[in-house]
Amino acid sequence: MSRAPRRDGIDPVARSRARRRALQAVYAWQMAGARVNDVIAQFAHEQAKEVADLEYFEDLVRGVDKHRADLDAALAPFLDREIEQVDPIERAVLRIAAFELRLRPDVPYRVVINEAIETVKRFGAEHGHTYINGVLDHAAAAWRATEVQAPRK
């Protein structure tokens, strides 16, 4: 089955794959403390086989690395514990989603939240998606208030 390309040239399936790989890379980076370039190189090789959006993958991983302190501080008001106490998979998803919500306004907030929830359902704890949904709903309402309050098309 062939998909019709979007007018903006973005392949949503390739983006989803890039987010899943970014989660794995950010998780590995968090757990091992490896250099982000090494983690990207490791996962980029695997990702090339999966037909994912390699550029987007790198943007997410490098963005989380570069802005981690700001992302963690911005997430803090929406968390019920310190960011380092959040499950490592959920922490990685929150950081990626926070990066997209704060620094990628080209990605609709609903897409960011949905992708984060689906990723946690696949890789995280059994009910982790409910936590992620609650945190990101509040964060989106604060960070993208105009978009959140706009009527749906």
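Residues numbered from 1 in each chain as written. Predicted model: local features only at pLDDT ≥ 70, side-chain atom pairs only at ≥ 80, totals over all residues. Heavy atoms only, no water.

Okay, the confidence of the model for the chain next. Predicted confidence across the chain gives a mean pLDDT of 89, with 90% of residues reaching 70 or more. Ranking the elements of the chain by mean pLDDT puts helix α2 (residues 36–48) last with 73 and helix α4 (residues 88–103) first with 97. (pLDDT = per-residue confidence, 0-100. Helix = DSSP H or I, 4+ residues; strand = E, 2+ residues; numbered from the N terminus.)

Right, let's get into the nonpolar core. Residues F57, V61, L94 and L136 are the most contacted members of the largest nonpolar core, which totals 41 residues. Put simply, the parts of the chain that give this core at least two residues each are α1 (12–32), α2, α3 (54–75), α4, α5 (109–123) and α6 (128–143). Take this core: its biggest share by element is nine residues, from α4. (Core = buried A, V, L, I, M, F, W, Y, C linked by side-chain atoms within 4.5 Å. Buried < 20%, exposed > 50% of the residue type's maximum accessible area, 1.4 Å probe, protein only.)

All told, the structure shown has one cavity of 30 Å³ or more when counted by the stated rule. By volume, the largest cavity is sized at about 80 Å³. Among the elements of the structure, α1, α4 and α5 are those that each provide at least two residues to the lining of the largest cavity. (1 Å grid on protein atoms, 1.4 Å probe; cavity = no way out; pocket = protein on both sides within 12 Å on 5 of 7 lines; lining within 4 Å. Points joined across faces, edges and corners; volume = space filled by probe spheres on them.)

Before going further, it helps to spend a moment on the side chain of E90. Relative to the helices and strands, E90 resides in helix α4. This buried residue, E90, is left without a salt bridge; R81 holds the nearest opposite charge, at 5.1 Å. In this structure E90 touches V120, A125, G128, Y131 and I132, once residues within four positions along its chain are discounted. (Lys, Arg positive; Asp, Glu negative; His and termini not counted. Salt bridge = Lys/Arg side-chain N within 4 Å of Asp/Glu carboxyl O. Contact = heavy atoms within 4.5 Å.)

Attention now moves to the environment of A92. With respect to the secondary-structure elements, A92 resides in helix α4. Counting along the chain gives 64 residues from A92 to A28, while the straight-line C-alpha distance between them is 9.4 Å. For A92, the residues in contact, after removing those within four places along its chain, are L23, V26, Y27 and Q30.

Counting through the fold element by element, S16 comes out in helix α1. The class of S16 is buried, set by a relative accessible area of 15%. Among the polar contacts listed, one links the side chain of S16 to the side chain of E115, at a separation of 2.7 Å. (Polar contact = N/O pair within 3.5 Å; in protein donor to acceptor, adjacent residues only side chain to side chain.)

Using the criterion set out here, one finds one aromatic pair in the structure. Ring geometry for F78 and W143: centres 5.7 Å apart, planes at 80°, overall edge-to-face. In this pair, F78 is assigned in the loop between α3 and α4 and W143 in helix α6, connecting sequence segments 65 residues apart. Note that R102 overlies the ring of W143, its terminal NZ or CZ placed 4.8 Å from the centroid. (Phe/Tyr/Trp six-rings, centres within 6.5 Å; stacked < 30°, edge-to-face > 60°. Lys NZ or Arg CZ within 6 Å of the ring centre and 35° of its normal.)

A few words now on α4. A rise of 1.5 Å per residue sets the reference length of α4, with its 16 residues, at 22 Å; its end C-alpha atoms lie 22 Å apart and thus fit the reference within 8%. Of all 16 residues in α4, 13 are buried; the element is thus mostly enclosed. Two or three places before I89, at the opening of α4, D87 has a side-chain oxygen 3.0 Å from that residue's backbone nitrogen. (Expected span 1.5 Å × (residues − 1).)

Now for the pattern of salt bridges. Overall, the coordinates contain 14 salt bridges when judged by the stated rule. Linking E100 and R19 is a salt bridge whose minimum nitrogen-to-oxygen distance equals 2.9 Å. Here E100, found in helix α4, pairs with R19, found in helix α1; they are 81 residues apart in sequence, far enough to count as distant. Relative accessible area serves as the criterion here: at 1%, E100 is assigned to the buried category. Its relative accessible area of 6% is what places R19 among the buried residues. One salt bridge connects E118 with K121, and the closest N-O pair in it is separated by 3.6 Å. With E118 and K121 both in helix α5 and three residues apart, the pair spans about one turn of that helix.

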